[in-house]
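# Reading the structure
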Amino acid sequence: MAMFSLALRSRAKSNPLLAWRALHSRNFCSGRLGLSMSESDSPVAGTKFLETFKEEFEIGSRVISLETGEIARFANGAVVLGMEGTQVLSTVSAGKGDAVRDFLPLTVDYQEKQFAQGVIPNTFMRREGAPKERELLCGRLIDRPIRPLFPAGFYHEIQVMASVLCSDGKQDPDVLAANATSAALMLSDIPWGGPIGVVRLGRIYGQFVVNPTMDELSLSDLNLVYACTRDKTLMIDVQAREISEKDLEAGLRLAHPEAVKYLEPQIRLAARAGKQKKEYKLSMVSEQIFEKVRNIAEAPIDAVFTDPSYGKFERGEALEKITQDVRSALEEDCDEQSLKALPKVVDNVRKKVVRKRIISEGNRIDGRHLEEVRPIYCKAGRLPQLHGSALFNRGDTQVLCTVTLGAPQDAQRLDSLVGPPTKRFMLHYSFPPFCIDEVGKRTGLNRREVGHGTLAEKALVAVLPPEEDFPYTVRINSEVMASDGSTSMATVCGGSMALMDAGIPLREHVAGISVGLVTDVDPETGEVTDYRILTDILGLEDHLGDIDFKIAGTRNGVTAIQLDIKPAGIPLDIICECLEPARKGRLQILDHMEKEISVPRNQDDRNSPRLVTLKFSNDAIRRFIGPLGALKRKIEEETGARISVGDGTITIGAKNQAVMEKVQDKVDFIVGREIEVGGIYKGIVTSIKEYGAFVEFNGGQQGLLHISELSHEPVSRVSDVVSVGQQISLMCIGQDVRGNIKLSRKAILRQSEKGVAEGSAPLTKEKPNIWASLENVSKGEHQKSTPEELPASKMKKIETNQSVSLQPEVVIRSAAECDEEEKSAGLSKTSKRAPKAKGTLNKDSKQKRVQSSNNKPDSSTLSNMLAESLSQTGGEKKIVSEDEDEAILDDQNKESDVQTPLKPEKLKLGTKVTAKIYQIRARGLVLDLGGGIRGMYRFEPNGEREFTIGDELRVQCSSFTSKGIPVMSLVDKE
């Protein structure tokens, strides 16, 4: 401090402004000088040292760290567990006070916030909302192994909160959170019989992998999560692709020693940083009260359980009557302590009676043998109007499963830190109160319902066809109609039958069954001295037994497992022994299911959903979508179909065939489809001539319906059969040498008698014959061909040029030829040809299919100058006639006067010449460029149109038509 004062005085001499500060004065204080405290007397923030404790160890070639003391220091227990780039914080807190309860109020909350992967939530409020399904499932995964290890009678409120701090997307944080929770409980003052170890095991190409990454899991046929203490199993959760019981047992025996490796680091960390365990009040029932109640209730309870004629509710009413009789006896004795503990004591008496009968006599509550499965009732197609449905009964347990198919965009979008972004198969399980004859209130997501539905979903997803073969989105709804044991496994059975009823090609049927266990334990050592395995347990056997071991699979192997244990662990040998009784029971259920439905139903029913993927060019898809997607939305609103657009594809999902046909007609009308000889199309009559009618179909293409193809009967006038604007069904019967599409109405009349559906190609054709464009026909074929249609061998598939737009091709007739035909018929002898209405064609001309080019828009539009254009309403498609080009070529051959020495090989893009007007057309000029070369010029909008034959114009070459005709544009006058 003295050194600081000397330094301040020396600085004050050199700087007068500091003199006031040296005299403990402020510069200004309300306009006056005033004294203040010295800066040397103000407190300075010190450095806080956080004592941290850390343990590192290696499991499955991955380094894992446990750390405490730096984060969440006020929590009863807090641990950060890290593996590579993923860190999870788990905290534990205990409620204050001694509330009167008869259960353990343990709450486990798992949360994945988007900051853990550096993303802002894509919600309106830009923050996380209610827990997602994955968060509920991870909370259950943590809850199931830690709950059995709390001491009996410990009913204090406990809350576990696990949060992902950061994630690299390589490791699933759920297993890390479970181990971090175990370590946090070890550090806390809460009595708990841990620690536990939780490990994930995969299998890739037959080799087991410990702690696999997410990429490795995508290749694995096994996803096993195993939790245990040092010598007993606590929890098993499995998703597999038909793994055999033998391989599954090998995986379990490998997972146990790997999970045990988590225990020692937790013990060391607790020894260094753990709290002293607190003495909590336990709600225990005295031996005197228990014996008093047992003496009164044991005999009548045994009588109820001995009578197998009791149903679920009759047995429940009889047991409730016994409880009331015991209550009356205790009230007469004025035993208040026994009355408070009566429900719990009676339940313990029931448990001892049932377990004793099963262990000593091998008798079950309903009189079945230990490995006997209850009677099965199956019915597929219970609701025929739905896509798929099935009703499944096992004993008194009844489940109704329905299947709904949707388009790919109906897939569920997942917003999790790891895993795929979407899910195309969903199973939603519902447990309404009426299924157990109770009154209850339906709320939102229920942890139990989410867990049971996910288990059944895991069991069925293994047999679904790959997305490439079956692109539908599938949703199963499981409605529990009656519950008396293992409704989740009944959901697996009913869901499998409903999927086959919907026509989904499953590899195998999947069935599930629940196995129970009753053990006799030495009270001193805690070792299991005797046990019995029960197949297909009742709800009461689940409640009074030790485990609920749900196993689902096919005849080939297991697809899903969920093991929940009530005591503080079961030896792994006993767990593995339960696999064989479960397999035998599963095969019995599969026999009944296969008798009801063994192969997927045919989807020919018109009520079945339809899914079609069509391929188009991006330009065609752009026209289909419309401005801001308005056209696509309008079609969806009118038809109720779901339409998704991809890169070059349009996927349509419709609820039945009628809707699909309606949508396809609209799509065909807008963008068209490839024309097939023999294909049936719907079109609209655009104009009528004496020799036939022109029809617009397939997204704006044009074809000629000749008068001879109108009907089987002689037709004198075309207008007697069809009218302008009428929609008719036609068959494409061929193409002539000029590329004209020939249509027939009478072919439809003939085939409609045979039952050919509209909009479809003939069923006898494996590969449709599609003609080649005129440019693809050799000159020899061109010369030998007649106006008759080409033979089928010449109808080749149109070659598509990558540089040319892939939008549907257009059929037109030459305006010049139609004019000549009308003049010869005396229809227009003196007047000039008036411009035709959009969408009409002149008569008796050759037709040609051409494509518009993205690279040469001027060529396409300029060709319309010399022909009548037909275009799709609202579209950008140009309809081009090349007959004018041929007329110009003919004029070139006839004309021999050369006015300008210009050679064809010297005419290039940008070449400027002085040309004479050779001919004046309705939409442009035919120019004489010299040297016998003819070019064309199109009138510009609002441009000059007054020209005289013989006038000279200064022009330059801007493009060429497909026939090589130069397209000219005017050169601005300097």
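Above this text sits the structure in question.
Per chain, the residues get numbers from 1 upward, laid out in the order the sequence is written. Restriction of local features to residues with pLDDT of at least 70 applies here, the model being predicted, together with a cutoff of 80 or more for giving and counting side-chain atom pairs; totals for whole chains, interfaces and linings are based on all residues. Each side-chain value is derived from all of the structure's non-hydrogen atoms; neither hydrogens nor water enter the calculation.

Let us look at the overall build of the chain. Numbering of helices and strands runs from the N terminus; a helix is a DSSP stretch of H or I covering at least four residues, while a strand is a stretch of E covering at least two. Helix and strand counts for the chain stand at 24 helices and 36 strands. Working definition: with a 1.4 Å probe on protein chains only, accessible area under 20% of the residue-type maximum means buried, over 50% means exposed, and in between means partly exposed. The proportion of buried residues among the 974 residues of the chain is 50%. Considering only residue pairs separated by 6 or more positions, the chain has 70% of its internal contacts joining residues 24 or more positions apart. A total accessible area of about 47,900 Å² is found for the chain, and carbon and sulfur atoms account for 50% of it. The contact criterion used is simple: two residues touch if any of their non-hydrogen atoms lie within 4.5 Å. Note on areas: Shrake-Rupley with a 1.4 Å probe; residue coverage comes only from the protein chains shown.

Cis geometry marks the peptide bond from G194 to P195, where omega comes out at 5°. Of note, the phi angle at R126 is positive, near 55°, even though the residue is not glycine. Counting through the fold element by element, R126 comes out in the loop between β5 (106-111) and α3 (133-146). R126 sits in the partly exposed class, given a relative accessible area of 47%. The phi torsion at S486 lies on the positive side, around 55°, for a residue other than glycine. Tracing the backbone through its elements, the reader meets S486 in the loop between β17 (473-482) and α13 (487-501).

For the rest of this paragraph, the subject is the packing of helix α17 (residues 618-625) against helix α19 (residues 657-671). Direction vectors running N to C along α17 and α19 enclose 120°, while the axes themselves pass 9 Å from each other. Classified by the angle their axes make, α17 and α19 are oblique. As α17 packs across α19, the resulting crossing turns out to be right-handed. Each of A620, R623 and F624 in α17 lies in contact with α19, whose residues at this interface are V667, I670 and V671. Residue composition of the contact of α17 with α19, by class: five nonpolar, no polar and one charged. Interaxial angles span 0 to 180 degrees and are taken between N-to-C directions of axes, which are lines fitted to C-alpha atoms, for helices over the stretch in contact. In what follows, roughly perpendicular refers to angles from 65 to 115 degrees, roughly parallel to angles under 35, roughly antiparallel to angles over 145, and oblique to any angle outside these ranges. For any pair of crossing helices, the crossing counts as left-handed if the nearer helix is rotated counterclockwise from the farther one by less than a right angle, and right-handed if it is rotated clockwise. Each residue is assigned to one class: nonpolar for Ala, Val, Leu, Ile, Met, Phe, Trp, Tyr, Cys and Pro, charged for Asp, Glu, Lys and Arg, and polar for all the others, Gly among them.

Right, let's talk about the nonpolar core for a bit. Counting residues in each nonpolar core, the largest one holds 133 residues, and the members touching the most others are L499, I504 and F549. For this core, the element with the highest residue contribution is helix α4 (residues 173-187), accounting for ten residues. For L499, the residues in contact, after removing those within four places along its chain, are V403, F425, L460, L464, V474, I476, I504 and L506. By nonpolar core is meant a set of buried Ala, Val, Leu, Ile, Met, Phe, Trp, Tyr and Cys residues that side-chain atoms within 4.5 Å join together.

With that out of the way, let us pick up the packing of aromatic side chains. The geometry of two aromatic rings is summed up by the distance between their centres and the angle between their planes. The aromatic pairing rule takes the rings of Phe, Tyr and Trp, using the six-membered ring of Trp, and pairs them if the centres are within 6.5 Å, calling planes under 30 degrees apart stacked, those over 60 edge-to-face and the rest tilted. This structure, assessed with the given rule, holds eight aromatic pairs. Taking the centre distance of 5.7 Å and the plane angle of 55° together, the rings of Y681 and F697 count as tilted. Of this pair, Y681 sits in strand β25 (residues 680-689) while F697 sits in strand β26 (residues 692-697); the two residues are 16 residues apart in sequence, bridging distant segments of the chain. For the pair Y681 and F697, a shared accessibility class is recorded, and that class is buried. Here a set of aromatic residues connected by ring pairs shows up, and it is made of F150, F154 and Y280. Think of it as a cone above the ring: NZ of Lys or CZ of Arg counts as a charge over the ring if it is within 6 Å of the ring centre and within 35 degrees of the ring normal. Lying across the ring of F431, R448 places its NZ or CZ 4.3 Å from the centre. Directly above the aromatic system of Y918 lies the positively charged group of R934, at a separation of 4.1 Å from the ring centroid.

Let's shift gears to helix α7 (residues 263-273). Turning to α7, its buried residues are L263, P265, Q266, L269 and A270. End-on, the buried residues of α7 take up no more than an arc of 165°, which puts them together on one face. Taken together, the buried residues of α7 touch β1 (53-59), β2 (62-68), β3 (77-83), α4, β7 (197-204) and α6 (245-260). To obtain the arc, one takes the directions from the helix axis to the C-beta atoms.

What follows deals with the sheet that holds strand β24 (residues 649-654). Judged by pairing direction, the sheet is antiparallel, and its three strands sit side by side in the order β22-β24-β23 without closing on themselves. One side of each edge strand has no neighbouring strand; the edge strands of this open sheet are β22 (610-615) and β23 (642-645). When strand polarity is set aside, the average angle formed by the axes of neighbouring strands in this sheet is 15°. Pairs of strands are assigned from DSSP output, requiring at least two bridges between the strands. Across four bridges, the pairing between β23 and β24 is antiparallel. The partner of S644 across the bridge, within β24, is T651.

As summarised here, the arrangement of the five strands in space is β11-β12-β13-β17-β16, forming an open sheet in which the pairing is mixed. Since the sheet does not close on itself, it has two edges, and those belong to β11 (376-380) and β16 (425-430), each with one partner. With strand direction ignored, the average angle separating the axes of adjacent strands in the sheet is 15°. Pairing between strand β13 (residues 397-406) and β17: nine bridges, direction antiparallel. Residue Q398 lies in a different strand from β17, and its bridge partner there is A482. In the packing of α13 onto the sheet, the strands contacted are β11, β12 (388-394), β13, β16 and β17, and the crossing angle to β12 comes to about 145°.

A word on the environment of R622. Tracing the backbone through its elements, the reader meets R622 in helix α17. Along the chain, R622 and G648 lie 26 residues apart, while their C-alpha atoms are 10.0 Å from each other.

All right, on to the pattern of salt bridges then. Two side chains bearing opposite charge may form a pair once their charged atoms approach each other closely. Whenever Lys or Arg places a side-chain nitrogen within 4 Å of a carboxyl oxygen from Asp or Glu, that contact is recorded as a salt bridge. If you walk through the whole model with that rule in mind, you get 48 salt bridges. Between D172 and R134 there is a salt bridge whose closest N-O contact spans 2.5 Å. Taken together, the positions of D172 in the loop between β6 (158-166) and α4 and R134 in helix α3 put the pair 38 residues apart, joining distant regions of the chain. Exposure remark for D172: the relative accessible area of 10% places this residue in the buried category. Salt bridges here are not isolated pairs; linked through shared partners, they connect R364, D366, R368, R374, R394, D536 and E541.

Following both chains from N to C, one finds α3 and α4 inclined at 40°, their axes separated by 10 Å at the closest point. With respect to α4, the element α3 is oriented oblique. In this structure, α3 crosses over α4, and the sense of that crossing is right-handed. Between α3 and α4, the contacting residues are R134, C138, L141, I142 and I146 on the first element and P173, D174, A177, A178, T181 and L185 on the second. Classifying every residue of the contact of α3 with α4 gives eight nonpolar, one polar and two charged.

This paragraph deals with helix α12 (residues 447-461). For a helix, the expected span equals 1.5 Å multiplied by the residue count minus one. End to end, α12 covers 21 Å across 15 residues, agreeing with the expected 21 Å (1.5 Å per residue, within 8%). Of all 15 residues that make up α12, eleven are buried, and the element is covered over most of its length. For α12, every residue scored as buried is listed here: E449, V450, G451, H452, G453, T454, L455, A456, E457, A459 and L460.

So, on to the side chain of T91. Take T91: it is sitting in strand β4 (residues 86-94). Other than its neighbours up to four places away in sequence, T91 contacts A72, A75, G77, A78, Q159, V160 and M161.

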